[in-house]
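Fold and geometry: a report
Okay, here's what each chain looks like letter by letter:
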Amino acid sequence: MKRAVWLIVALVVGLVVGGVLHEWRLAPPEWLPSLVRKWLGSEWLPALILNWLNIVGQVFLNLIFMIVIPLIASALILGVYELGSARGFGRALGRTLLFTVITSTASVLIGVAIVNLVKPGVGVVEASAVAADVERIRSQASAAKPAHQAIIDLVPRNPVKAAANAFDGEFISFVVFCLLAGIALSVSTARDDAKRVLVPFLEQVMSISLKIVGFAMAFAPLAVFTLVLHSAFKNGFGIFLSLAWYAGCVVAGLLLQHVVVYSILLRTIGGRSPMKFYRDCREVYIYAFSTSSSNATLPKALETAETRLGIPPRIARFVLTVGATANQNGTALFEGITVLFLAQVYHVDLSIQQQLFVIVMSIIAGIGTAGVPGGSLPLIMILLLQVGVPPEGIGLILGVDRFLDMCRTVTNVAGDLVIAALVGRGEPDNAEVAGRNP
Ligand code: ASP
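Now for a quick tour of the structure. (Residues numbered from 1 in each chain as written. Predicted model: local features only at pLDDT ≥ 70, side-chain atom pairs only at ≥ 80, totals over all residues. Heavy atoms only, no water.)

**Quick word on the side chain of Ser74**
- In this structure, Ser74 sits in helix H4 (residues 54-85).
- Overall, Ser74 belongs to the buried group, its relative accessible area being 1%.
- Here Pro70 takes part through its backbone oxygen, which lies 2.8 Å from a polar atom of the side chain of Ser74.
- There is a polar contact of 3.2 Å between the side chain of Ser74 and the backbone oxygen of Leu71.
- Not counting residues within four places of it along the chain, the set of residues in contact with Ser74 comprises Leu202, Val205 and Met206. (Helix = DSSP H or I, 4+ residues; strand = E, 2+ residues; numbered from the N terminus. Buried < 20%, exposed > 50% of the residue type's maximum accessible area, 1.4 Å probe, protein only. Polar contact = N/O pair within 3.5 Å; in protein donor to acceptor, adjacent residues only side chain to side chain. Contact = heavy atoms within 4.5 Å.)

Written out as structure tokens, the structure is:
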């Protein structure tokens, strides 16, 4: 929590100092001493803020970029492996997958609809102020290619090359490779050997990658300060209001997912009263909100599912354990809104295909995101790069991210519980299936 407070302080101070300096540079107030007025007009002030202080923010971003490939590879392969290896569950697995896709798709569509309707990022900064940044990113992104070639390139000829060029337009091919590797691992006849060697290895890769994210997070407040200062100095105060709108869009989307999508599913397919369900889950919500981590909330969710919600334990254990990493509806919604919001801020017009790409990648993000605080940030940065939005934009949202992380984690965990309730309906409990299942 302490770091969360520092992040908010960094955001506010960066915005205020940057915004004030922006205004004063344009029209220095009369009451300022002449020395200060001269200093405001000098060239070394922009050099200090836009170049030298910017080093901290850029190093922070590079630290996160550094682990994107190992993190995505390990999290996706493990996520798919876990989903695919539960073969004894047959029917339950099929239904879990189906509900995961339905709830994730619904949440991303809600997010995309809201952000297109409210347009929280439109008109925040002058197009000319960000044109150079956007051009730089555009030139890094892959050149547009014809649709048939794009489909062929989905399957990489060389996954190592796809990984090396992930930031230059080949990320999706690398994702396809990881998905295939996860499926292959789960159906491989060498499954036991794979389990003993490969799975712990991938788990280690994932945990080391997350440790490096932790290093970056250690100086996140300073990085947020410099990134926000940079942006507010260049663009003025407008960004502040739009951040509030952006956060409002995310919270409204999460609420809609709960109140509409989950309630309908619980009542129609689950045959339960949504109100009673939410009341029974309230302790889980508090855990999820305060830890911002689906993984940390898993034990509480398991206990609640079995004791309060009466979900058969074997179903609860399977759905909730897999869901803690492989089903994150709140994160998917958040990713969709964030990428489209920052595209609005940076005047990047996304075509229908690009928006569809963001939707599909946000759904996949629900599988490939680690259930830890800030687990979705690396994927957002790569998504931003893919659609030609400067990833520095992440600095703008980091200040409000901890709060949004708390909110989306509640939806993530609630989604797992809802799916467990839907899959568990009509399933026999443990005692009845003893001896029948491997
Ligand atoms: N904190 C989220 C979770 O654990 C993941 C994220 O969206 O960053 O579910």
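**Observations concerning the site of the ligand**
- Looking at the ligand, there are 17 residues lining it, with Ser294, Thr331, Asp405, Arg408 and Asn412 nearest.
- Within the contact set of the ligand, a nitrogen atom lies 3.2 Å away from a side-chain nitrogen or oxygen of Thr409.
- Protein contact buries 100% of the 280 Å² of open area that the ligand shows by itself.
- Top element by residues in the shell around the ligand is helix H20 (residues 394-424). It accounts for four residues.
- Its residues assigned to classes, the shell around the ligand shows three nonpolar, 12 polar and two charged. (Near = heavy atom within 4 Å. Areas by Shrake-Rupley, 256 points an atom, 1.4 Å probe, with all protein chains shown as cover. Nonpolar A, V, L, I, M, F, W, Y, C, P; charged D, E, K, R; others polar.)

**Here we look at the pattern of salt bridges**
- For the structure on display, the rule yields eight salt bridges.
- When the shortest N-O distance is used, the salt bridge between Lys300 and Glu283 registers 2.8 Å. Residue Lys300 is located in helix H15 (residues 294-307), and its partner Glu283 is located in helix H14 (residues 282-291); the two are separated by 17 residues in the primary sequence.
- Of the residues examined, Lys300 reaches a relative accessible area of 11% and is grouped as buried.
- With a shortest N-O distance of 3.4 Å, Arg408 and Asp405 are connected by a salt bridge. Here Arg408 and its partner Asp405 are both found in helix H20, three residues apart, which amounts to about one turn of the helix. There is no split in this pair, since Arg408 and Asp405 are both buried. (Salt bridge = Lys/Arg side-chain N within 4 Å of Asp/Glu carboxyl O.)

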